Each structure stands twice: as C-alpha cells, then as structure tokens.
Amino acid sequence: MIAKRLSKGDTIGIICPSHVFDEKRYAPGIATIERLGFKVKLGANVSKDTYGFVASAEERASDLNAMVSDDDVKMVLFGGGESAVEVLPLIDYDNIRRHPKLFSNYSDGTSILNMIHAQTGLVTYYGYGASQFFDLRYYDYMQFCSHFVEGYSSEQFFSNSTWLTMRGGNCEGTLIGGYSLLFGLLLSNRNFKFDEDKKYLLFLEDHEIFSNVGTVNTCLSFIEQSTFFNNVTGLIFGHYAENLPDDLLHCLQRFGIRNKIPVVYTDDFGHENTRHAIFPIGIKATLDADKQTLIFNGE
C-alpha cells in the first residue's frame, strides 16, 4: 500500500515523538516548506515536556493519530531524538490502513516507520526528517520531490557520493532497515513481524558520535543471528564518518563474505550528513553492488 503523493497546497503535519518542539529552530524549516507551496500543521502536543525531555507517550501518540484522522494532512513528518518506541503500542494502526499517509523520518523514527509498515503494509520512508528543511540542499530537495511530489519519478536511486563495494554481487528484496541499533532492538519486539516468505534488502546506518566500530559490529551481529536474517539478500550501509575508518570497512567486508551477500557503503544517507537520500520501507528493489546501482521496483 502506497499513500498518494503530494500536490501543491497540501498540508504536511509535523509531530515530535522523540523531542520537544523548538519554535525558533523550526521556524526556517516551516518557512521553507511553505515557500515550496505546502501548508504546515503542528501536532497539538509538540511543545510539551511532560516527561522533562519529551511529551508523554499518550500525548505523542495522540498527535500522530490525530494527523492520520485529519483528511487535510497528506504527509506526517517528524524529527529524531529518543523514546519514539514508547509510542508504538498506542498507534491506531487500523486507522492508518483506512487513511494511509506519507510517513517520513530517520534515526529514532526507525521504530515507528518499520512498525507502521509491519502492522499495516503501508510503505513508509526512511532518511528524511523535518530538519532537512532547516537548511535545504539541492540533493535533499530532489530526493523529497522524487518520492513525495506528484509528477516526479522515483524508479532509480540517484547517488551523490562515491559508493564502496565491500562484497560484489546482485540481489533483490523488499527494502527494510534504519538506524542499526534501533533496528536490531526492534527485531525482538513482540509486535514487529516480517513475512517469512519474502526476501529483504537491508539498509542500515550509524555514526561515530553514537557508536564506535565495535558497537556497530555488535549491532550487525545481533541482526545477523536473528531469524529475520535468514531472509536478507544484501546490505546497504550509510554514512558513518567524514574520515571513514578502515576498521568499519573491514567489518562490513567480513559481514558480506561471511553471509555471502552483496554489501556496499554509501555517504548518501545517515546521521550528521549533508545528504539525505530516501529509502522506501516496503518497496522491492534490486542492488547491483558491482555496478553500484539501486533500482526501485515497486511494491
């Protein structure tokens, strides 16, 4: 299930399941969205700090559910932080099935985006949050248009960095993934489910400010040793550091060789990065690690 794309004049809803809204920080981003021809609606509880660092789980879920029920809102956009996983049991998934919207975020949004897809079959979008509008770059703008705006094509992934092939080969699968730590933890969530008859093309990202190479290796190992990994055909790993350590590349290379799957590294998406490519969770894709291409094949 794919939600309808945006047309000029549509409303984009902004919620904060992982942090407290900062009006001054968000102001340039909201102005940019409006200059692009869209309206903005804020969640009723985005500025609350009920827990001291974020609104209550009920308040944050209420904002998400309200956006889904609002027929004027065509897209739900949110930023990162912490504690989005707390909202998962309170999301009205049945209502999302009845009123599919575009959902986009990255980082802490890994939990919400993957759970919505798992529970409803709706394609969600990883890699693009509200903060990308604070200082909108051309590559990010074109990513936004190609996936979300009526009249643009999203059949092929367009790169804006040099890819590194850790293990060559071709593979196909349904795209799934996100921030490596949270995706690894999500696999143990009793409400998260995957189709045992499907093949999955995994994309992951992490950053040196959060995880050293040993921690990344640990996250990969947890994922690798899960039952889910039996269905994984390949791995795309995103931006980790400006000065990329050889230890990470060796880690990714060992991972590919050990599991006999194609593995590539790219700076096109990830934390603390100037590029924010979008990966549709639930879309089939084909990776050619030798030619370093990714083609989106649809649901």
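See the structure shown above.
What you see is a predicted model; the values in this text were computed from it and never measured.

A. Expanded view of the pairing of strand β8 (residues 200-205). Most of β8 sits inside the fold, with six of its six residues counted as buried. With burial as the criterion, each face of β8 is covered, one bearing Tyr200, Leu202 and Leu204 and the other bearing Leu201, Phe203 and Glu205. Looking at chain direction, strand β7 (residues 170-179) and β8 are connected through six bridges and run parallel. In the sheet register, tyrosine 179 faces β8, and the bridge partner there is glutamate 205. Sheet topology places β8 next to strand β9 (residues 232-237); five bridges connect them, and they run parallel. Bridging across to β9, leucine 201 finds its partner in glycine 234.

B. Spotlight on empty space enclosed by the protein. If you walk through the whole model with that rule in mind, you get one cavity of 30 Å³ or more. Roughly 40 Å³ of internal volume is contained in the largest cavity. Taken together, Gln143, Ser146, His147, Ser154, Gln156, Phe157, Phe158 and Phe296 make up the full set of residues lining the largest cavity. Among the residues forming the lining of the largest cavity, the class breakdown is three nonpolar, five polar and no charged.

C. Geometry of the pattern of salt bridges. Evaluation of the coordinates by the stated rule reveals six salt bridges. Glutamate 224 is paired through a salt bridge with arginine 258; the nearest N and O atoms lie 2.7 Å apart. Taken together, the residues span a long stretch of sequence, with glutamate 224 in helix α7 (residues 213-224) and arginine 258 in helix α8 (residues 246-259) at a distance of 34 residues. The exposure class of arginine 258 is partly exposed, given its relative accessible area of 46%.

Definitions and limits used
Going along each chain's sequence as written, the residues are numbered from 1 onward. For a predicted model such as this one, the threshold for reporting local features is a pLDDT of at least 70, and the threshold for listing and counting side-chain atom pairs is 80 or more; totals across whole chains, interfaces and linings nevertheless cover every residue. Excluding hydrogens and water, the side-chain figures rest on all heavy atoms present in the structure. Whether a residue is buried, partly exposed or exposed follows from its accessible area with a 1.4 Å probe, protein chains only, as a fraction of its type maximum: under 20%, in between, or over 50%, in that order. Secondary structure elements follow DSSP: runs of H or I no shorter than four residues count as helices, runs of E no shorter than two count as strands, and numbering proceeds from the N terminus. DSSP bridges decide pairing: two strands pair if at least two such bridges lie between them. Only protein atoms enter the calculation, which uses a 1 Å grid: trapped sets of points that fit a 1.4 Å probe without letting it out are cavities, open sets showing protein on both sides within 12 Å along at least five of seven lines are pockets, and any residue with an atom within 4 Å of a point is a lining residue. Grid points are joined across faces, edges and corners, and a volume is the space filled by probe spheres set on the points. We call Asp, Glu, Lys and Arg charged. Ala, Val, Leu, Ile, Met, Phe, Trp, Tyr, Cys and Pro are nonpolar, and the rest, Gly among them, are polar. The working definition used for a salt bridge is a side-chain nitrogen of Lys or Arg within 4 Å of a carboxyl oxygen of Asp or Glu.

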